[in-house]
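Spelled out from the first residue to the last, the chains are:
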Amino acid sequence: MGLDDKGIVVLDNGGYNIKAGYVSAEERSRGCDVQSLSSPPEIFPNAVAKPPKKSSSVATKRNGGFLVSAELYDLPSYSGLFFRRPIERGYVKEWDLQRDVWKYIFTRSKVEPKENCFVVTEPIALPGSLRRGMDELVFEEFGFASYYSAPPAALVARHFDITDGLVLDSGFSFSHAVPILNSGAQQQYSRRLDLGGKVLTNQLKEVVSFRSWNMMDEFLVINAAKEELCYVAQDFLAELEDTRLPLSEGNKTMIDYVLPTHASDKENRFGYSRPSVPKRAKGDPSQQEQPTLTLNNERISIPEALFHPSDLGLHQGGLHEVIAESIAALPRQLQGRIYNNIVLSGGNCKFPGFEKRLTAELRALAPEEYDLALTMDKDPELSAVKGVRSWFQLS
């Protein structure tokens, strides 16, 4: 059996989540498009977690007290979980942990590595020493028939059928602006911003812990609140001024986030939002309240750091400046074409208002004679996985 007769296992190996996809050998031979594939992409936590108290679950007993990847979703409460993540600052540092997470995904997905090829993402400009760790894991531990590694930007470009353009990949660990020329990612012109979703969640944890409840050990809950409630302001200073208003005078930003309890159902396992209401007088017994966070200017100030990293003490330009610097490094005759073909990918691009604000900021930096066009998948987190189907001429 040749490599063309094997299935393809795809992992977009992110610092927070792994986006996994699978294409069977039969689907490859039939040339299926993305919509008709039998296995849609799935998302798995890229972490192992230890409950704060001894757990009686089979999973924790089997794994030395730790829950691997999506096993943590079986817990009745996510309070006080201790996490270990294979990836630190965007690079795999704990290969044993990465092996455990991948093994869980392959078992859960009923994939036999030896009968498949493997495609996995890696950071652009990955050091050779870290790639050797990948080689050992892929071939010696799992025994894949073959494997291919590429930066997420290269796979995203395939999904959008880009020959020349730029991919902004803003994820959990950091953000990259990567020019694409002749369908290939150009490392020498790429620019990196050391800011991603992890920093934003940690900042929100600190803010709400100072102002309200101590949430320093509740990463999952605060991350869920960030993803549900934060958005990018189009005029930050004007909207920040509006947050100073009380509810009774038209504050439309303030909202409550009800924290999960042991009694929460699975649908609300990370908590849920509801319209903010005026605080009851002390001693009012009319209703027992669940623990609640009230978010106001945090909803816009947290994602604002993507455009002004100096707000968090990071001496770098915002995403729009990183993109402009990357394009400016290219030969001048290519720059107009690149400005007209920018693709957004990664979880941070899902903030409401993100694309519109980034377009406005870039328009102010780009030369007037250049047209500007930004595009984004319906779910920008899955763009790299979907791109593999195009890479192997499946869409």
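Rules and cut-offs
- Starting afresh in each chain, residues are numbered from 1 along the sequence in its written order.
- Side-chain atom pairs in this predicted model are given and counted only at pLDDT of 80 or more, local residue features only at pLDDT of at least 70, and totals for whole chains, interfaces and linings cover all residues.
- Hydrogens and water are ignored here; the side-chain numbers use all heavy atoms of the structure.
- Runs of H or I in DSSP of at least four residues are treated as helices and runs of E of at least two as strands, each being numbered from the N terminus.
- Helix span is expected to be 1.5 Å times the residue number reduced by one.
- Note on contacts: a residue pair is in contact if any heavy atoms of the two residues lie within 4.5 Å.
- Values of pLDDT, the confidence the predictor places in each residue, fall between 0 and 100.
- Between any two strands, at least two bridges found by DSSP are needed for them to pair.
- Lines fitted to C-alpha atoms define the axes here, with helix axes fitted over just the stretch in contact, and angles between the N-to-C directions of these axes take values from 0 to 180 degrees.
- Exposed residues in this analysis have more than 50% of their type's maximum accessible area, buried residues have under 20%, and partly exposed residues fall in between, with area computed by a 1.4 Å probe over protein chains only.
- To qualify as a nonpolar core, a set must consist of buried Ala, Val, Leu, Ile, Met, Phe, Trp, Tyr and Cys residues joined through side-chain atoms within 4.5 Å.
- Should an angle fall under 35 degrees it is taken as roughly parallel, and over 145 as roughly antiparallel, whereas 65 to 115 is taken as roughly perpendicular and any remaining angle as oblique.
- Under this grouping Gly is polar, as are all residues other than the nonpolar Ala, Val, Leu, Ile, Met, Phe, Trp, Tyr, Cys and Pro and the charged Asp, Glu, Lys and Arg.
- A pair of Phe, Tyr and Trp rings is counted when the ring centres sit within 6.5 Å of each other, with Trp represented by its six-membered ring. The angle between the planes then sorts it: under 30 degrees is stacked, over 60 is edge-to-face, the rest tilted.
- Distance and angle both matter: a charge sits over a ring if NZ of Lys or CZ of Arg is within 6 Å of the ring centre and within 35 degrees of the ring normal.

**Topic: helix α4 (residues 128–142)**
Relative to the 21 Å expected for 15 residues at 1.5 Å per residue, α4 spans 20 Å between its end C-alpha atoms, a close match to the ideal helical length. The secondary structure elements touched by the buried residues of α4 are β8 (91–92), α3 (95–108), β9 (116–121) and β10 (146–150). One or two residues past the end of α4 sits Gly143, with phi positive at roughly 75°.

**Describing the confidence of the model for the protein chain**
Predicted coordinates in regions of low pLDDT should not be interpreted in detail. Counting all residues, the mean pLDDT for the protein chain is 87, and 87% of those residues have values of 70 or more. Across residues 281–287, confidence stays below pLDDT 50; counting only partners more than four residues off in sequence or on other chains, it has 2 contacts.

**Describing the sheet that holds strand β17 (residues 292–295)**
Taken in spatial order, the 3 strands make up an open sheet running β16-β15-β17, and their pairing is antiparallel. Whereas interior strands pair on both sides, the edge strands pair on one side only; in this sheet they are β16 (272–275) and β17. In this sheet, neighbouring strand axes are inclined to one another by 30° on average, regardless of whether the strands run parallel or antiparallel. When strand β15 (residues 255–258) meets β17, the two strands line up antiparallel, connected through 4 bridges. Looking across to β17, one finds that Ile255 is bridged to Leu295.

**Structural notes on the environment of Phe351**
Position of Phe351 relative to the elements: it lies in the loop between β18 (342–345) and α12 (354–365). A relative accessible area of 6% means that Phe351 is categorised as buried. For Phe351 and Tyr231, which are 120 residues apart along the polypeptide, the C-alpha to C-alpha distance reads 5.1 Å. When near neighbours in sequence (up to four residues on either side) are disregarded, Phe351 contacts Leu200, Lys226, Cys230, Tyr231, Val232, Pro303 and Leu306.

**Structural notes on the nonpolar core**
Within the largest apolar cluster, 59 residues are counted, with the highest numbers of intra-cluster contacts made by Tyr257, Ile323, Tyr339, Ile342, Phe354 and Leu358. When residues in this core are grouped by element, the largest group, 7 residues, is from helix α7 (residues 219–229). Setting aside residues no more than four positions away along its own chain, Tyr339 makes contact with Ala324, Ile327, Leu362, Ala366, Pro367, Tyr370, Asp371, Leu372 and Ala373. Counting 27 residues, the second-largest nonpolar core is a separate cluster that includes Ala20, Val68, Val120 and Met134.

**Looking at the packing of helix α6 (residues 197–211) against α7**
One way to put it is that α6 packs onto α7 with a least axis distance of 9 Å and a crossing angle of 105°. In terms of orientation, α6 lies roughly perpendicular with respect to α7. Note on element contacts: α7 touches α6 through Phe219, Ile222, Asn223 and Lys226, opposite Gly197, Lys198, Leu200, Thr201, Asn202, Leu204, Lys205 and Val208. Counted by class, the contact of α6 with α7 contains 5 nonpolar, 4 polar and 3 charged residues.

**Description of the packing of aromatic side chains**
This model, assessed by the stated rule, comprises 18 aromatic pairs. Where Trp102 meets Phe142, the ring centres are 6.3 Å apart and the plane angle is 40°; that geometry is what we call tilted. In this pair, Trp102 sits in helix α3 while Phe142 sits in helix α4, placing the two residues 40 residues apart along the sequence. There is no split in this pair, since Trp102 and Phe142 are both buried. Taken together, Trp102, Phe106, Phe118, Phe142 and Phe144 form an aromatic cluster joined through their ring pairs. Seen from the ring of Phe83, Arg85 lies directly overhead, with NZ or CZ sitting 4.9 Å from the centre. Above the ring of Phe219, the side-chain terminus of Arg85 is found at 5.4 Å from the ring centroid.

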